[in-house]
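Notes for the structure review
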Amino acid sequence: MLVTGKQILDHANEHGYAVGAFNINNMEILQAVIMAAEKENSPVIVQTSEGAIKYAGIEYFEALVHLAANKTKVPVCLHLDHGTTYNTIISCIRHGWSSVMIDGSHHDLKGNIAVTSEIVKVAHAVGVSVEAELGRLSGIEDQISVSEKDAIYTNPDEAVEFVNATGVDSLAIAIGTAHGKYKGEPKLDMERLDTIKKMLKMPIVLHGASGITEAQITEAVKLGVNKINIDTDVRQAFTDGVRKVIETKPEEFDPRKICGPARDLMCEVVASKMRMFGSSGQAWTL
Ligand code: G3H
Ligand code: 13P
Ligand code: ZN
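Since the model is a prediction, treat every value here as computed from it, not as a measurement.

Remarks on the site of ligand 1
Neighbouring ligand 1 are Asn-23, Ser-49, Asp-81, His-82, His-179, Asp-231 and Arg-235. Ser-49 has a polar side-chain atom sitting 2.6 Å from an oxygen atom of ligand 1. Within the side chain of Asp-231, an N or O atom sits 2.6 Å from an oxygen atom of ligand 1. In isolation ligand 1 offers 300 Å² of accessible surface; the protein chains occlude 65% of this area.

Okay, here's the thing in structure tokens:
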């Protein structure tokens, strides 16, 4: 069943676990994510970036995800990841996305509040949830000094001001993760997370979570992260699966025999994330 981001994340916040938000770019990735959610009896967030929408077409994702959500008993949220323009966000709302992210993190606080508030007003009017971002994710190869940390990581007082001013349903914060593949091992600022969660008490979102150690993920969930974004690890599983068939059976040219094993591998990766995030067994029925 299709549910909103708020329904999923409020339940996670109340029960102290996190829900995986997995980026999809094609049918096989979506099927792998839904198969894993059913196997784990877990709620799930399926998210599309603006790039993914450009690649597949908004109507394709609308039809595919609504079909998948209607066919399954587990709660499924269709979310726009890193929405940057008013038009894209409105278009997703018109096409049945049940949650949107407005990423105004490149603006200063005042500017971020302005663009985010505009989206909250229209999205909430039609029952769609809103995620926003405050603070900037660092580059994967950046070495962050203590003074730089204060400049780009989320400031707890600003987070309170931002949430009060905008009325967002969840907040993505910057505590040391980055998008893509890490070179070294990132160390998350757990103290900052703890402070922000204690002040806000609302669902907190962690972007760039592929490649973060299980120990750090477990700790972050314990401290109040309720949505964890994963793209790179699933992309890697897809490509590993395809590569394995092509390398071991170079004569193979049936797309089903190339994409099928990749779909199984992605399903395993997604299911293991659900267990790690504590969402396994948390699917509820409405
Ligand atoms: O945070 C970004 C996501 O991994 C989406 O990446 O814009 O290449 O689809 P993308
Ligand atoms: P990763 O690709 O690093 O998992 O990040 C995903 C993400 O944050 C999508 O918004
Ligand atoms: Zn992200």
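Focus on the side chain of His-95
Its place among the elements puts His-95 in the loop between helix 5 (86–94) and strand 4 (99–102). There is a polar contact of 2.7 Å between the side chain of His-95 and the side chain of Glu-62. If we skip the residues at most four places from it in the chain, His-95 touches Ile-58, Glu-59, Glu-62 and His-66.

Describing the sheet that holds strand 3 (residues 76–83)
The strand order 1-2-3-4-5-6-7-8 describes a closed barrel built from eight strands, whose pairing is parallel. If you compare each strand with its neighbour and ignore which way they point, the axes differ by 25° on average. Pairing of strand 1 (residues 19–23) with strand 2 (residues 44–49), which is carried by three bridges, proceeds in the parallel orientation. Residue pairing across strands places Phe-22 opposite Val-46, the latter belonging to strand 2. Running over the sheet, helix 1 (residues 5–15) touches strand 1, strand 2, strand 3, strand 4, strand 5 (129–134), strand 6 (170–173) and strand 8 (225–230) and is turned about 125° from strand 8. In this fold helix 2 (residues 27–40) packs onto strand 1, strand 2 and strand 3, with an angle of close to 165° to the strand it touches most, strand 2.

Observations regarding the packing of helix 6 (residues 109–125) against helix 8 (residues 156–166)
One way to put it is that helix 6 packs onto helix 8 with a least axis distance of 9 Å and a crossing angle of 30°. Between helix 6 and helix 8 the crossing geometry is right-handed. On helix 8, the residues touching Leu-109, Asn-112, Ile-113, Thr-116, Ser-117 and Val-120 of helix 6 are Glu-158, Glu-161, Phe-162, Ala-165 and Thr-166. For the contact of helix 6 with helix 8, a count of residues per class yields five nonpolar, four polar and two charged.

Calculation criteria
Residues numbered from 1 in each chain as written. Chains lettered and ligands numbered in written order. Predicted model: local features only at pLDDT ≥ 70, side-chain atom pairs only at ≥ 80, totals over all residues. Heavy atoms only, no water. Near = heavy atom within 4 Å. Polar contact = N/O pair within 3.5 Å; in protein donor to acceptor, adjacent residues only side chain to side chain. Areas by Shrake-Rupley, 256 points an atom, 1.4 Å probe, with all protein chains shown as cover. Helix = DSSP H or I, 4+ residues; strand = E, 2+ residues; numbered from the N terminus. Contact = heavy atoms within 4.5 Å. Pairing = 2+ DSSP bridges. Axes fitted to C-alpha atoms, helices over the stretch in contact; angles between N-to-C directions. Left-handed = near helix turned anticlockwise from the far one by under 90°. Nonpolar A, V, L, I, M, F, W, Y, C, P; charged D, E, K, R; others polar.

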